[in-house]
Amino acid sequence: MEKSRLINTALKIHYDTAHSNAEEFAIEFNKLTQSDEDPIGEWLRLMRAKKGNFDNENTIVLELLVEIYRKIELLEHKIQGETKTYVPLSNEGLITTIGHSCFRIKDSTLQENTLYYGRVELPTFPTRIIPIYFIFNTNLALVEKIHTRDENEWDSYVASKERALIRSIRSSKGVNNA
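How each quantity is defined
- Throughout, a residue's number is its position along its own chain's written sequence, starting from 1.
- Side-chain atom pairs in this predicted model are given and counted only at pLDDT of 80 or more, local residue features only at pLDDT of at least 70, and totals for whole chains, interfaces and linings cover all residues.
- Hydrogen atoms and water are omitted, and side-chain values are computed over all heavy atoms in the structure.
- Think of it this way: DSSP has to see at least two bridges between two strands before they count as a pair.
- Secondary structure elements follow DSSP: runs of H or I of four or more residues count as helices, runs of E of two or more count as strands, with numbering from the N terminus.
- Simply put, an axis is a line fit to the C-alpha atoms, just over the touching stretch for a helix, and the angle between two N-to-C directions goes from 0 to 180 degrees.
- Any pair of residues with heavy atoms lying within 4.5 Å of one another is described as a contacting pair.
- Exposed residues in this analysis have more than 50% of their type's maximum accessible area, buried residues have under 20%, and partly exposed residues fall in between, with area computed by a 1.4 Å probe over protein chains only.

(A) Representation of the sheet that holds strand S1 (residues 7-17). Here six strands make up a closed barrel; going around it, the order is S1-S2-S3-S6-S5-S4 and the pairing antiparallel. For this sheet, the mean angle separating the axes of adjacent strands, direction not counted, is 45°. Helix-sheet contacts for helix H1 (residues 22-31) involve S1, strand S4 (115-122), strand S5 (128-137) and strand S6 (140-145), and the interaxial angle to S5 is about 135°.

Here is the structure:
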């Protein structure tokens, strides 16, 4: 594993030991990233693949329209009494620091060298539920398995937090030097 700088954050995570319900966790892990969960997002990806990237203005408008569609679809499901259900996980925690392929959970009772399955709520646009398998080792959870698309989102989130930290440090130095 390459070294990663840990950045402060506050993300919800639900997790359980992977062996406690291995088959259900594997099914959910695969299902959460499949395209049938998000048909409008899949359509947008197919259009990009077919016609290449749209220009910046169209991309922003399309992304906003897709997100509005998702919200309307969510409201429709709520009105009909349908809710999205996930496999129950026995633990809930708060990720306090995050890095590329690693994180720390506040006040966790994780066991050393044990494989866990978890779902992380990543505050991207749109908000994503990212399924991961991780191993706890010396106060740090190391991501063992994550879908490629989710890993890209994870790394983008870490990079944006790093940029925000750098801006914060620069602005505080500017205030101190003035």
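(B) Unusual backbone geometry, seen in detail. Phi is positive for Ser101, close to 70°, though the residue is something other than glycine. Examined against the element boundaries, Ser101 turns out to sit in the loop between strand S2 (91-99) and strand S3 (102-105). The residue Thr138 is not glycine, and still its phi comes out positive at about 50°. Its location among the elements puts Thr138 in the loop between S5 and S6. Note on Thr138: relative accessible area 56%, which makes it exposed.

(C) Looking closely at the side chain of Glu28. Looking at where Glu28 falls in the secondary structure, it is placed in helix H1. We classify Glu28 as buried; its relative accessible area is 7%.

Just distances and angles here, no functional claims.
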